[in-house]
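Now for the letters of each chain:
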Amino acid sequence: MAGEISFFELGVGDSERARTFYGGLFGWSFEAGTTEGGGYAIRTAGVPGGVHGQDPGASPYVFFRVDDMRAAVARVRELGGTVEDADLSGDEESVARFGRFQLCQDDQGSPFGLHQPPAASG
């Protein structure tokens, strides 16, 4: 269903330290990610997530599920929001594993993300 929170991402300075901290705090399990410079996929009982390094002081990124990334991006723009130019999806292996991601801002400048899960995730 479109609009539900479908993924979260933690930007940190050191992904290994984050793995130790959040694993100890919440009992999350981590799998090696596909991003350059490290990072992990986070497995939780609820919403899946990720952690990436070299982003000290970042706020958590919240991604809302969409069924069609192109249509959702177009709608953000139609409603007066903005879409960042950066492609967060990575290579085809990463897209197949995690889906497509896009950072945006609403018409008041509040940041959020869009997430189109991989086809196998429904």
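Residues numbered from 1 in each chain as written. Predicted model: local features only at pLDDT ≥ 70, side-chain atom pairs only at ≥ 80, totals over all residues. Heavy atoms only, no water.

A. Up close: the confidence of the model for the protein chain. Per-residue confidence for the protein chain gives a mean pLDDT of 88, with 93% of residues at or over 70. Within the protein chain, the element-level pLDDT minimum falls on helix H3 (residues 92-98), averaging 88, and the maximum on strand S6 (residues 82-83), averaging 96. (pLDDT = per-residue confidence, 0-100. Helix = DSSP H or I, 4+ residues; strand = E, 2+ residues; numbered from the N terminus.)

B. Spotlight on the sheet that holds strand S4 (residues 49-52). One open sheet holds the eight strands; their spatial order is S2-S3-S4-S1-S5-S8-S7-S6, and the pairing between them is mixed. Sheet topology places strand S2 (29-32) and S6 at the edges, where each strand pairs with a single neighbour. Here strand S5 (residues 61-65) runs beside strand S8 (residues 111-116); their pairing, made up of three bridges, is parallel. What sits directly across from phenylalanine 63, in S8, is glycine 113. Most of the contacts of helix H1 (residues 15-26) go to S2, to which it runs at about 155°, and overall it touches strand S1 (5-11), S2, strand S3 (40-43) and S4. Across the sheet, helix H2 (residues 69-78) lies against S6, strand S7 (100-105) and S8, angled at about 155° from S8, the strand it touches most. (Pairing = 2+ DSSP bridges. Contact = heavy atoms within 4.5 Å. Axes fitted to C-alpha atoms, helices over the stretch in contact; angles between N-to-C directions.)

C. Local environment of the pattern of salt bridges. The final tally for this structure, using the stated rule, is five salt bridges. Linking glutamate 31 and arginine 43 is a salt bridge whose minimum nitrogen-to-oxygen distance equals 3.2 Å. Placement of glutamate 31 in strand S2 and of arginine 43 in strand S3 is noted, with a sequence separation of twelve residues between them. Its relative accessible area of 35% is what places glutamate 31 among the partly exposed residues. The class of arginine 43 is partly exposed, set by a relative accessible area of 33%. Three or more residues are tied together by salt bridges with common partners; here these are Glu31, Arg43 and Arg97. (Salt bridge = Lys/Arg side-chain N within 4 Å of Asp/Glu carboxyl O. Buried < 20%, exposed > 50% of the residue type's maximum accessible area, 1.4 Å probe, protein only.)

D. The arrangement of unusual backbone geometry in detail. In this model, glutamine 54 sits at a positive phi of 60°, which is unusual for a non-glycine residue. Within the secondary structure, glutamine 54 sits in the loop between S4 and S5.

E. Broad picture of a nonpolar patch on the surface. Together, Ile5, Val62 and Phe64 make up a nonpolar patch on the protein surface, roughly 220 Å² of accessible area in all. Structurally, phenylalanine 64 can be placed in strand S5. (Patch = residues over 30% accessible without salt bridge, like charges linked within 9 Å, V, L, I, M, F, W, Y side chains within 5 Å. Areas by Shrake-Rupley, 256 points an atom, 1.4 Å probe, with all protein chains shown as cover.)

F. Highlighting the side chain of glutamate 9. Take glutamate 9: it is sitting in strand S1. No salt bridge is formed by the buried glutamate 9, whose closest oppositely charged neighbour, arginine 43, lies at an N-O distance of 10 Å. Side-chain polar atoms of glutamate 9 contact the side chain of histidine 52, separated by 2.7 Å. Those residues within four positions of glutamate 9 in sequence are excluded, and the remaining contacts are Gly50, Val51, His52, Pro60, Tyr61 and Phe63. (Lys, Arg positive; Asp, Glu negative; His and termini not counted. Polar contact = N/O pair within 3.5 Å; in protein donor to acceptor, adjacent residues only side chain to side chain.)

G. Structural detail: the packing of aromatic side chains. Applying the stated criterion across every chain, the model contains ten aromatic pairs. Arranged with centres 5.4 Å apart and planes meeting at 50°, the rings of phenylalanine 8 and tryptophan 28 form a pair that is tilted. Pair noted here: phenylalanine 8 is in strand S1 and tryptophan 28 is in the loop between H1 and S2, with a separation of 20 residues, a long-range link. Tryptophan 28 matches phenylalanine 8 in its accessibility class, with the two residues each being buried. (Phe/Tyr/Trp six-rings, centres within 6.5 Å; stacked < 30°, edge-to-face > 60°.)

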